[in-house]
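Chain and residue survey
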Amino acid sequence: MAMTLFGMIAGNLNIEVRKLKGLFEDGMEAIRMSYYPPCPSPELVVGLRPHSDASGLTILNQLNAVEGLQVKKDGIWFPVSFIPDAFIVNLGDIIEIISNGLYNSIEHRATVNSEKERMSIAVFYNPRFDGEIAPFTASQLNPPLFKNIIMEDYFKDFFTQSFNGKSHLERMKIPTTHPPNPSSTY
Ligand SMILES: O=C(O)CCC(=O)C(=O)O
Ligand SMILES: [Fe+2]
(Lines give C-alpha, C1' and ligand atoms only; values in the text may rest on other atoms or scores of the structure.)
(Ligands and ions follow the chains in the order given, each with its own letter.)
Protein backbone atom coordinates (compact mmCIF):
# COMPACT_ATOMS: atom_id res chain seq x y z
CA MET A 1 0.00 0.00 0.00
CA ALA A 2 2.73 2.47 0.92
CA MET A 3 4.56 1.83 -2.38
CA THR A 4 1.38 2.62 -4.33
CA LEU A 5 1.09 5.88 -2.44
CA PHE A 6 4.75 6.75 -3.06
CA GLY A 7 4.15 6.07 -6.77
CA MET A 8 1.19 8.46 -6.78
CA ILE A 9 3.16 11.13 -4.94
CA ALA A 10 6.06 10.81 -7.39
CA GLY A 11 3.65 11.15 -10.32
CA ASN A 12 2.06 14.19 -8.78
CA LEU A 13 5.41 15.86 -8.12
CA ASN A 14 6.85 14.91 -11.49
CA ILE A 15 9.66 12.96 -9.87
CA GLU A 16 10.79 9.73 -11.47
CA VAL A 17 8.73 6.99 -9.80
CA ARG A 18 11.79 4.70 -9.79
CA LYS A 19 13.79 7.29 -7.91
CA LEU A 20 11.30 7.63 -5.07
CA LYS A 21 10.46 3.94 -4.89
CA GLY A 22 14.19 3.12 -4.97
CA LEU A 23 14.67 5.15 -1.82
CA PHE A 24 11.85 3.50 0.06
CA GLU A 25 11.80 -0.06 -1.29
CA ASP A 26 14.72 -1.25 0.81
CA GLY A 27 13.91 1.29 3.44
CA MET A 28 13.61 1.07 7.16
CA GLU A 29 10.13 0.32 8.38
CA ALA A 30 9.46 0.99 12.02
CA ILE A 31 6.45 0.37 14.19
CA ARG A 32 5.21 2.17 17.26
CA MET A 33 2.46 0.56 19.31
CA SER A 34 0.87 2.97 21.73
CA TYR A 35 -1.36 2.18 24.68
CA TYR A 36 -3.17 5.12 26.27
CA PRO A 37 -4.81 4.16 29.55
CA PRO A 38 -8.00 5.96 30.61
CA CYS A 39 -7.34 9.06 32.64
CA PRO A 40 -9.83 10.70 35.05
CA SER A 41 -8.61 14.18 34.05
CA PRO A 42 -7.91 13.95 30.31
CA GLU A 43 -7.71 17.72 29.94
CA LEU A 44 -4.64 17.79 32.19
CA VAL A 45 -2.55 15.30 30.25
CA VAL A 46 -1.44 14.59 26.73
CA GLY A 47 -1.27 11.07 25.30
CA LEU A 48 1.40 11.79 22.72
CA ARG A 49 2.80 15.29 22.44
CA PRO A 50 2.52 17.35 19.23
CA HIS A 51 4.91 16.22 16.51
CA SER A 52 5.17 15.50 12.84
CA ASP A 53 6.47 12.09 11.84
CA ALA A 54 10.04 12.02 10.56
CA SER A 55 9.04 9.30 8.07
CA GLY A 56 8.00 9.55 4.43
CA LEU A 57 4.55 8.17 5.15
CA THR A 58 2.94 6.75 8.25
CA ILE A 59 0.04 4.34 8.15
CA LEU A 60 -1.92 4.31 11.38
CA ASN A 61 -4.36 1.72 12.62
CA GLN A 62 -6.59 2.80 15.49
CA LEU A 63 -6.88 -0.68 16.92
CA ASN A 64 -9.85 -0.52 19.26
CA ALA A 65 -12.00 2.13 17.57
CA VAL A 66 -11.44 4.75 20.27
CA GLU A 67 -10.81 8.26 18.93
CA GLY A 68 -8.03 10.46 20.25
CA LEU A 69 -5.89 11.56 17.31
CA GLN A 70 -5.91 15.26 16.48
CA VAL A 71 -4.30 17.11 13.58
CA LYS A 72 -3.28 20.75 13.47
CA LYS A 73 -4.54 22.84 10.58
CA ASP A 74 -4.08 26.62 10.39
CA GLY A 75 -3.07 26.62 14.06
CA ILE A 76 -6.21 24.80 15.25
CA TRP A 77 -6.42 21.22 16.54
CA PHE A 78 -9.04 19.05 14.81
CA PRO A 79 -10.13 15.62 16.05
CA VAL A 80 -9.86 12.82 13.48
CA SER A 81 -13.02 10.71 13.29
CA PHE A 82 -12.78 6.97 13.47
CA ILE A 83 -13.77 5.22 10.25
CA PRO A 84 -14.18 1.44 10.59
CA ASP A 85 -11.83 -0.66 8.43
CA ALA A 86 -9.86 2.42 7.35
CA PHE A 87 -6.26 3.32 7.97
CA ILE A 88 -5.05 6.85 8.54
CA VAL A 89 -2.21 7.97 6.28
CA ASN A 90 -0.02 10.77 7.58
CA LEU A 91 2.47 12.61 5.42
CA GLY A 92 5.85 12.75 7.12
CA ASP A 93 8.70 15.25 7.06
CA ILE A 94 10.59 13.41 4.31
CA ILE A 95 7.80 14.04 1.82
CA GLU A 96 7.83 17.72 2.80
CA ILE A 97 11.59 17.82 2.09
CA ILE A 98 11.37 15.87 -1.17
CA SER A 99 8.52 18.07 -2.43
CA ASN A 100 10.44 21.21 -1.35
CA GLY A 101 7.56 22.23 0.87
CA LEU A 102 4.76 21.60 -1.62
CA TYR A 103 3.38 18.88 0.63
CA ASN A 104 3.32 19.69 4.34
CA SER A 105 3.89 17.00 6.93
CA ILE A 106 1.00 16.98 9.34
CA GLU A 107 1.48 18.00 12.94
CA HIS A 108 -0.55 15.73 15.19
CA ARG A 109 -1.00 14.62 18.79
CA ALA A 110 -2.96 12.04 20.73
CA THR A 111 -5.35 12.85 23.55
CA VAL A 112 -6.60 10.46 26.19
CA ASN A 113 -10.07 9.46 27.20
CA SER A 114 -11.63 9.52 30.68
CA GLU A 115 -13.33 6.14 30.37
CA LYS A 116 -11.78 4.10 27.62
CA GLU A 117 -8.31 2.87 26.94
CA ARG A 118 -6.99 3.49 23.44
CA MET A 119 -4.56 1.55 21.27
CA SER A 120 -2.88 2.44 18.03
CA ILE A 121 -0.24 0.96 15.78
CA ALA A 122 1.75 3.29 13.53
CA VAL A 123 3.93 1.94 10.74
CA PHE A 124 6.58 4.41 9.56
CA TYR A 125 7.94 4.07 6.03
CA ASN A 126 11.44 5.47 5.83
CA PRO A 127 14.08 5.54 3.11
CA ARG A 128 17.05 3.20 3.14
CA PHE A 129 19.75 4.10 5.62
CA ASP A 130 22.35 5.01 2.98
CA GLY A 131 19.86 6.90 0.81
CA GLU A 132 20.08 10.63 0.32
CA ILE A 133 17.00 12.79 0.58
CA ALA A 134 16.84 16.20 -1.00
CA PRO A 135 14.26 18.65 -2.30
CA PHE A 136 14.06 16.82 -5.63
CA THR A 137 11.54 19.25 -7.09
CA ALA A 138 13.67 22.33 -6.45
CA SER A 139 14.76 24.40 -9.45
CA GLN A 140 16.09 27.84 -10.18
CA LEU A 141 12.59 29.25 -9.89
CA ASN A 142 11.83 27.13 -6.87
CA PRO A 143 15.03 27.27 -4.80
CA PRO A 144 15.68 24.49 -2.31
CA LEU A 145 14.29 25.09 1.17
CA PHE A 146 15.95 22.01 2.67
CA LYS A 147 19.47 20.60 2.79
CA ASN A 148 20.45 17.33 1.14
CA ILE A 149 21.02 14.75 3.84
CA ILE A 150 21.91 11.06 4.12
CA MET A 151 19.28 9.15 6.06
CA GLU A 152 21.73 7.97 8.67
CA ASP A 153 22.49 11.60 9.63
CA TYR A 154 18.82 12.50 9.43
CA PHE A 155 17.95 9.78 11.96
CA LYS A 156 20.86 10.75 14.20
CA ASP A 157 19.41 14.22 14.45
CA PHE A 158 15.91 12.91 15.03
CA PHE A 159 16.81 10.46 17.78
CA THR A 160 19.16 12.77 19.65
CA GLN A 161 16.85 15.78 19.90
CA SER A 162 13.55 16.26 21.68
CA PHE A 163 10.29 15.25 20.02
CA ASN A 164 8.59 18.60 19.67
CA GLY A 165 6.22 19.94 17.00
CA LYS A 166 8.01 20.30 13.65
CA SER A 167 11.38 21.20 15.19
CA HIS A 168 13.21 18.32 13.49
CA LEU A 169 12.09 19.53 10.07
CA GLU A 170 13.05 23.09 10.99
CA ARG A 171 16.63 21.91 11.52
CA MET A 172 16.68 20.47 8.00
CA LYS A 173 15.97 23.87 6.46
CA ILE A 174 18.55 25.92 4.63
CA PRO A 175 18.96 29.06 6.73
CA THR A 176 17.66 32.09 4.92
CA THR A 177 17.90 35.80 5.49
CA HIS A 178 14.80 36.40 3.40
CA PRO A 179 11.32 36.59 4.93
CA PRO A 180 9.50 33.23 4.81
CA ASN A 181 7.53 32.39 1.70
CA PRO A 182 3.96 33.69 2.35
CA SER A 183 2.42 30.63 0.71
CA SER A 184 4.10 28.36 3.24
CA THR A 185 1.68 27.19 5.93
CA TYR A 186 3.97 27.26 8.92
O1 LIG B 1 -1.87 7.09 18.64
C2 LIG B 1 -2.04 7.86 17.69
O3 LIG B 1 -3.15 8.09 17.21
C4 LIG B 1 -0.90 8.61 17.10
C5 LIG B 1 0.39 7.84 17.09
C6 LIG B 1 1.50 8.64 16.46
O7 LIG B 1 1.33 9.75 16.04
C8 LIG B 1 2.85 8.08 16.36
O9 LIG B 1 3.07 6.95 16.84
O10 LIG B 1 3.73 8.77 15.79
FE1 LIG C 1 2.99 10.44 14.86
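See the structure printed just above.
Quick summary incoming for the structure in this document. (Residues numbered from 1 in each chain as written. Chains lettered and ligands numbered in written order. Predicted model: local features only at pLDDT ≥ 70, side-chain atom pairs only at ≥ 80, totals over all residues. Heavy atoms only, no water.)

**Describing the pairing of strand S5 (residues 76-79)**
Put simply, the rule is: Here, any two strands with at least 2 DSSP bridges between them count as paired. Secondary structure elements are defined from DSSP: runs of H or I of at least 4 residues count as helices, runs of E of at least 2 residues count as strands, and each element is numbered from the N terminus.
As judged from the 4 bridges shared by strand S4 (residues 69-73) and S5, these two strands associate in the antiparallel manner. Paired with Lys72 across the two strands is Trp77, which belongs to S5. Taken together, S4 and the strand that follows it, S5, pair antiparallel across an intervening segment of 2 residues, in which Asp74 is found at a positive phi of about 50°.

**Quick notes on the pattern of salt bridges**
Going by this rule: By salt bridge we mean one thing: a side-chain nitrogen of Lys or Arg within 4 Å of a carboxyl oxygen of Asp or Glu. Three exposure classes are used, based on accessible area relative to the maximum for each residue type with a 1.4 Å probe and protein chains only: buried under 20%, partly exposed in between, and exposed over 50%.
Under the counting rule described, the total for this entry stands at 6 salt bridges. With a closest N to O distance of 2.6 Å, Glu16 and Arg18 form a salt bridge. We classify Glu16 as partly exposed; its relative accessible area is 47%. The shortest N-O distance in the salt bridge between Lys173 and Glu170 comes to 3.1 Å.

**Remarks on the site of ligand 1**
Quick reminder of the rule: Nearness is judged by heavy atoms alone; a residue qualifies as near a molecule or strand once a single heavy atom is within 4 Å of it. Identification of polar contacts relies on pairs of N or O atoms within 3.5 Å, with a donor-acceptor requirement for protein atoms, meaning one able to donate a hydrogen and the other able to accept it, and with residues adjacent in sequence counted only if both atoms are side-chain atoms. Accessible areas in this description were obtained via Shrake-Rupley with a 1.4 Å probe; residue shielding takes into account the shown protein chains only. We call Asp, Glu, Lys and Arg charged. Ala, Val, Leu, Ile, Met, Phe, Trp, Tyr, Cys and Pro are nonpolar, and the rest, Gly among them, are polar.
Near ligand 1, the surroundings consist of Arg32, Tyr36, Leu48, His51, Asp53, Leu60, Leu69, His108, Arg118, Ser120, Ala122 and Phe124. Within the side chain of Arg32, one N or O atom sits 2.8 Å away from an oxygen atom of ligand 1. In this structure, Arg118 approaches ligand 1 through a side-chain N or O atom, which is 2.8 Å from an oxygen atom. Burial of ligand 1 by the protein chains amounts to 99% of its free accessible area of 300 Å². Residue assignment for the shell around ligand 1 shows that the elements contributing at least two residues are strand S1 (29-36), strand S2 (48-51) and strand S8 (118-125). Counting residues per element, the shell around ligand 1 draws most heavily on S8, at 4 residues. For the shell around ligand 1, the class distribution of residues is 6 nonpolar, 3 polar and 3 charged.

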